[in-house]
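Structural overview
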Number of protein chains: 2
Amino acid sequence: MYLETIQEIKPLDEAAMSAARQRQSNLTKPQGSLGRLEELSIKVAGIRGQAIPRLEHKAIVTMAADHGVVAEGVSLFPQEVTAQMVQNFLHGGAGINVLARQVGARVVVVDMGVRTDLEPHSSLVSRKVAYGTRNMARGPAMTREEALQAIEAGIEILEGELEKGLDIVGSGDMGVGNTTASSAITAAITGESVAKVAGRGTGIGDRQLRHKVKVIERALRVNQPDAADPLDVLAKVGGFEIGGLVGVMIGAARHRIPIVIDGFISGAAALIATRMAPKLGDFLIAGHISAERGHRVALKHLGLEPLLDLEMRLGEGTGAALAIFIIEAALRTLAEMATFAEAGVAEANNKLK
Amino acid sequence: MYLETIQEIKPLDEAAMSAARQRQSNLTKPQGSLGRLEELSIKVAGIRGQAIPRLEHKAIVTMAADHGVVAEGVSLFPQEVTAQMVQNFLHGGAGINVLARQVGARVVVVDMGVRTDLEPHSSLVSRKVAYGTRNMARGPAMTREEALQAIEAGIEILEGELEKGLDIVGSGDMGVGNTTASSAITAAITGESVAKVAGRGTGIGDRQLRHKVKVIERALRVNQPDAADPLDVLAKVGGFEIGGLVGVMIGAARHRIPIVIDGFISGAAALIATRMAPKLGDFLIAGHISAERGHRVALKHLGLEPLLDLEMRLGEGTGAALAIFIIEAALRTLAEMATFAEAGVAEANNKLK
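Now for a quick tour of the structure.

What counts and what doesn't
- Residues numbered from 1 in each chain as written.
- Chains lettered and ligands numbered in written order.
- Predicted model: local features only at pLDDT ≥ 70, side-chain atom pairs only at ≥ 80, totals over all residues.
- Heavy atoms only, no water.
- Helix = DSSP H or I, 4+ residues; strand = E, 2+ residues; numbered from the N terminus.
- Rg over C-alpha atoms; globule rule 2.2 N^0.38 Å.
- Buried < 20%, exposed > 50% of the residue type's maximum accessible area, 1.4 Å probe, protein only.
- Contact = heavy atoms within 4.5 Å.
- Areas by Shrake-Rupley, 256 points an atom, 1.4 Å probe, with all protein chains shown as cover.
- Lys, Arg positive; Asp, Glu negative; His and termini not counted.
- Charge placed at Lys NZ, Arg CZ, Asp CG, Glu CD.
- Expected span 1.5 Å × (residues − 1).
- Arc of directions from axis to C-beta.
- Pairing = 2+ DSSP bridges.
- Axes fitted to C-alpha atoms, helices over the stretch in contact; angles between N-to-C directions.
- Left-handed = near helix turned anticlockwise from the far one by under 90°.
- Nonpolar A, V, L, I, M, F, W, Y, C, P; charged D, E, K, R; others polar.
- Least-squares fit on C-alpha atoms with pLDDT ≥ 70 in both.
- Salt bridge = Lys/Arg side-chain N within 4 Å of Asp/Glu carboxyl O.
- Parallel < 35°, antiparallel > 145°, perpendicular 65-115°, else oblique.
- Buried area = accessible area lost by both parts, 1.4 Å probe.
- Polar contact = N/O pair within 3.5 Å; in protein donor to acceptor, adjacent residues only side chain to side chain.
- Phe/Tyr/Trp six-rings, centres within 6.5 Å; stacked < 30°, edge-to-face > 60°.

The next subject is the overall build of chain A. Summing up its helical and strand segments, chain A has 15 helices and six strands in all. Whereas a compact globule of 353 residues would reach a radius of gyration of roughly 20 Å, chain A reaches 20 Å, a difference of no more than 12%. Expressed as lengths along the three principal axes of its C-alpha atoms, the size of chain A is roughly 70 × 45 × 40 Å. Evaluated residue by residue, chain A yields a buried proportion of 67% over its 353 residues. Taking the contacts inside chain A whose residues are at least 6 apart along the sequence as the reference set, 76% of them involve residues at least 24 apart. Approximately 12,100 Å² of chain A is accessible, and the part contributed by carbon and sulfur atoms is 48%. Each charge sign in chain A was given a centre, from 38 positive and 40 negative side chains, and these centres are 5 Å apart.

This is how it looks when you write it as structure tokens:
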């Protein structure tokens, strides 16, 4: 099914982009003076296929899962924090809840593979593939079937959200150990060295970082993920939340919904998704540059310039939420600013150029 | 009077900053993972003298004035655009109106010295010092008394807004020719060459830029502004809107209101304001880095790191408006996120560091 969804991804709508570009040039401001807001408005017009797109319905999909590789001692936090943070999301006390409220986005909390049973909650979407991945330092993190199941779940979740109304989606993640998996994916797909893509995650010191690098190198050696087969990479060194986000991205591109990628974990998912579906890249907006070093490598490989650089590295979708505000600013200025003619403002004397 | 206001500026409140810092370390996130949002929340706590400050009332003060130096052919737009854009502000069709609406800020539109009479409007504050400055390429832009009058007007406007409720203020400007004045101020105060601080303004080409540099160099040669006497700099090569913004900054610092500086014109005002009142620097937040080259020089001199870099150069307060959203995000996360204890989330094992 996911391959069919990929087949249905269409290119950007050039006519809508051209109409948006034309309108930008008539608004009461010097040409180009809104900088990246202008570019963004044109890109979203192309994604949505509308000359003046609006952001009414916004969602952050925050996917949680556990990682067997935590057994190797790669994280500062105990593994139960994944489940505890899911509870925090459901009670509205986490960073992503606060920022999503501010930007007017709903948070869709998904259990993709937390290692314990979570109590049912009206706001929790349960798509648990398994009770955490297996330890990738000793063998594949999941089977190929599990990887497929995670992607399909992501597509279905996106399509479910579409029915509630959706104009933009931000990706978010929670999972103790998931910068380790994301580093392995980023190294496997981009070909960069592990030392260059592995970072401090929640704040490990130099000694633990050296250990983390060795664990990731071992996972790559043991599993030999095939960069030409992105499903193989996801299965061998990925995570269930990462697979779910791959599905969200595929579904969003299929339905012409702009995807705001958050930090390093979302970046790793985007590396897999664009390897599966190169056209999907046009539907991605890089929300911010994370302080986690591998994110810069991922964005460079994706050819994306981040909107924000606030030295954040929290994940959960927090960078995406802030970026949605900027994207909304781009679309509001496109839609709501007066033109020179409407406002009776004289235009530039371009002969002086 | 403005000297008395300056005398009343107090330092940041260390106790409030320490309480905010302590709270940040207890919130459910890895230490430091909200990056600049954490720093910002602590800074605003110090400015406001509150451990958990809130942003309820927000204003952008957008000051407009004309510049006699336009007679030298330094701008792409005809001079009547200043007055026309003031009408656009009053009718809600300009970029700043759209972005201020989005962030929930009111726009205070002030005529500090537009060269024509403007029709009265319920939303227009008239503090016209004169019908535009004189041509600084041939002599002082204004008298010392006029410069003082502009600053005093700014302080009074800030204090008037305070009565309506004010928790943060953004600075904004409109004035054909005002990047020319701001370049002269920036060169005079920082000691950098005119060629390094003068930019393309609304979009002039190479030839007109070379001409603009020569005009500014002539203005500095003719007037010999004294960098040690910031009022002299303002009078000789400044503008009425720039003087007004100096007053707004002085008044805001006096009343412990964070000041979000917008682009290059606000940066020039901040150079003058901090030269008059060094303590005022602690109350400034650089909203964004403008694409206008001199802004980087000004921010470096002020020791400020901009929050946003979206290649904008519109002025009006647009960069400040977007930045207020980021500052609000900082304060909301500080106030609304759950602590580890409240959420029952395990803390990091710092022994692993």
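From this point on, the discussion continues.
Residue and element names in this part refer to chain A. Taking 1.5 Å of rise per residue, 13 residues should cover 18 Å, and helix α2 (residues 14-26) covers 19 Å from first to last C-alpha, within 8% of that figure. Those residues of α2 lying buried are Ala16, Met17, Ala20, Arg23 and Gln24. For α2, the angular spread of the buried residues around the axis is 125°, confining them to a single face. The outward face of α2, more than 90 degrees from its buried face, is lined by the exposed residues Glu14 and Ala15. Contacts from the buried residues of α2 go to α3 (36-48) and α14 (318-336).

All names here are of chain A. Buried residues dominate strand β1 (residues 58-65), accounting for eight of its eight residues. Burial along β1 is two-sided: the residues Lys58, Ile60, Thr62 and Ala64 and Ala59, Val61, Met63 and Ala65 are all buried. Sheet topology places β1 next to strand β4 (residues 168-174); seven bridges connect them, and they run parallel. Within the sheet, the bridge partner assigned to Val61 lies in β4 and is Ser171. Where β1 meets strand β2 (residues 106-113), seven bridges bridge the pair, whose relative direction is parallel. Bridge pairing in β2 places Ala59 opposite Arg106.

Residue and element names in this part refer to chain A. In contact at an axis separation of 9 Å, helix α7 (residues 178-190) and helix α12 (residues 264-276) are set at 35° when each is read in the N-to-C sense. Crossing angle aside, the handedness with which α7 passes α12 is left-handed. Contact with α7, carried on its side by Asn178, Thr179, Ser182, Ser183, Ile185, Thr186, Ile189 and Thr190, involves Phe264, Ile265, Ala268, Leu271, Ile272 and Arg275 of α12 and no other residues of that element. Here the residues of the contact of α7 with α12 are counted per class, giving seven nonpolar, six polar and one charged.

Turning our eyes to something else, we now look at the relation of the copies chain A and chain B. What relates the pair of chain copies is a rotation about an axis plus a shift along that axis. Once chain A has been moved 0.0 Å along the axis and rotated by 180°, it coincides with chain B to within an RMSD of 0.0 Å. Such a turn and shift between the copies fits a two-fold axis. Every residue of chain A has its C-alpha some distance from the rotation axis, and the shortest such distance is that of Leu308 of chain A, at 3.3 Å. Of all interface residues in chain A, 100% are interface residues in chain B too; the two copies therefore contact each other through one and the same surface.

A few words on the pattern of salt bridges. Residue and element names in this part refer to chain B. On inspection of all chains with the given rule, the structure shows 40 salt bridges over all chains. A salt bridge links Lys58 to Glu328, with the shortest nitrogen-to-oxygen separation between them at 2.6 Å. Here Lys58 is found in strand β1 (residues 58-65), whereas its partner Glu328 is found in helix α14 (residues 318-336), with 270 residues between them in sequence. Here Lys58 and Glu328 have matching classes, each one buried. A salt bridge links Glu72 to Arg218; the nearest nitrogen and oxygen atoms lie 3.6 Å apart. With Glu72 in the loop between β1 and α4 (81-90) and Arg218 in helix α9 (residues 206-223), the pair connects residues that are 146 residues apart, well separated along the chain. The buried category is assigned to Glu72, whose relative accessible area is 14%.

With that settled, the discussion passes to the packing of α3 of chain A against α14 of chain A. All names here are of chain A. Running from N to C, α3 and α14 point in directions that differ by 85°, and their axes come no closer than 8 Å. With respect to their mutual orientation, α3 and α14 come out roughly perpendicular. In contact with Leu37, Leu40, Ser41 and Val44 of α3, α14 contributes Ile326, Ile327, Ala329, Ala330, Leu331 and Leu334. Looking at the contact of α3 with α14 residue by residue, the classes come out as nine nonpolar, one polar and no charged.

Listed per partner, the contact involves 61 residues of chain A and 61 residues of chain B. Note on chain A versus chain B: buried area summed over both sides is about 5,100 Å², and carbon and sulfur give 65% of it. Three residues, Gln102, Leu310 and Phe325 of chain A, lead the burial of chain A against chain B; their summed loss comes to 13% of the area buried on that side. There are two salt bridges connecting chain A and chain B. Note that Glu336 of chain A is salt-bridged to Arg101 of chain B, the shortest N-O span being 3.0 Å. If you look at where chain A meets chain B, you find 20 residue pairs in polar contact (both at pLDDT 80 or more). Looking at the side of chain A that touches chain B, the elements with two or more residues in it are α3, α4 (81-90), α5 (95-103), α9 (206-223), α14 and α15 (340-343) of chain A.

Our next topic: the packing of aromatic side chains. One pass over the structure, following the stated rule, counts two aromatic pairs over all chains. Between Phe77 of chain A and Phe340 of chain B the ring centres are 6.5 Å apart and the planes differ by 25°, which places this aromatic pair in the stacked class. Of this pair, Phe77 of chain A sits in the loop between β1 and α4 while Phe340 of chain B sits in helix α15 (residues 340-343), on two different chains. As far as the burial class goes, Phe77 of chain A and Phe340 of chain B line up, both buried. With 3.5 Å between their ring centres and 10° between their planes, Phe325 of chain A and Phe325 of chain B make a pair best called stacked. Placement of the pair is Phe325 of chain A in helix α14 and Phe325 of chain B in helix α14, with the two residues belonging to separate chains. On the basis of relative accessible area, Phe325 of chain A is assigned to the buried category, the value being 4%.

Turning our attention to the sheet that holds strand β4 (residues 168-174) of chain B. All names here are of chain B. Read from one edge of the open sheet, six strands run β3-β2-β1-β4-β5-β6, paired in parallel fashion. One side of each edge strand has no neighbouring strand; the edge strands of this open sheet are β3 (124-126) and β6 (284-286). Averaged over all neighbouring strand pairs, the angle between strand axes comes to 30°, with direction disregarded.

All right, on to α14 of chain B then. Between its terminal C-alpha atoms α14 of chain B stretches 27 Å, which fits the 27 Å expected from 19 residues at 1.5 Å a residue. For α14 of chain B, the tally of buried residues reaches 17 of 19 residues, placing the bulk of the element in the interior.

Let's shift gears to the side chain of Glu161 of chain B. All names here are of chain B. Tracing the sequence through the fold places Glu161 in helix α6 (residues 144-164). Within polar-contact distance, the side chain of Glu161 engages the side chain of Arg106 at 2.8 Å. If we skip the residues at most four places from it in the chain, Glu161 touches Arg106, Val108 and Leu166.

For Gln224 of chain A, which is not glycine, the phi dihedral falls at a positive 50°. Positionally, Gln224 of chain A belongs in the loop between α9 and α10 (230-237).

On their own, these measurements won't tell you what the molecule is for.
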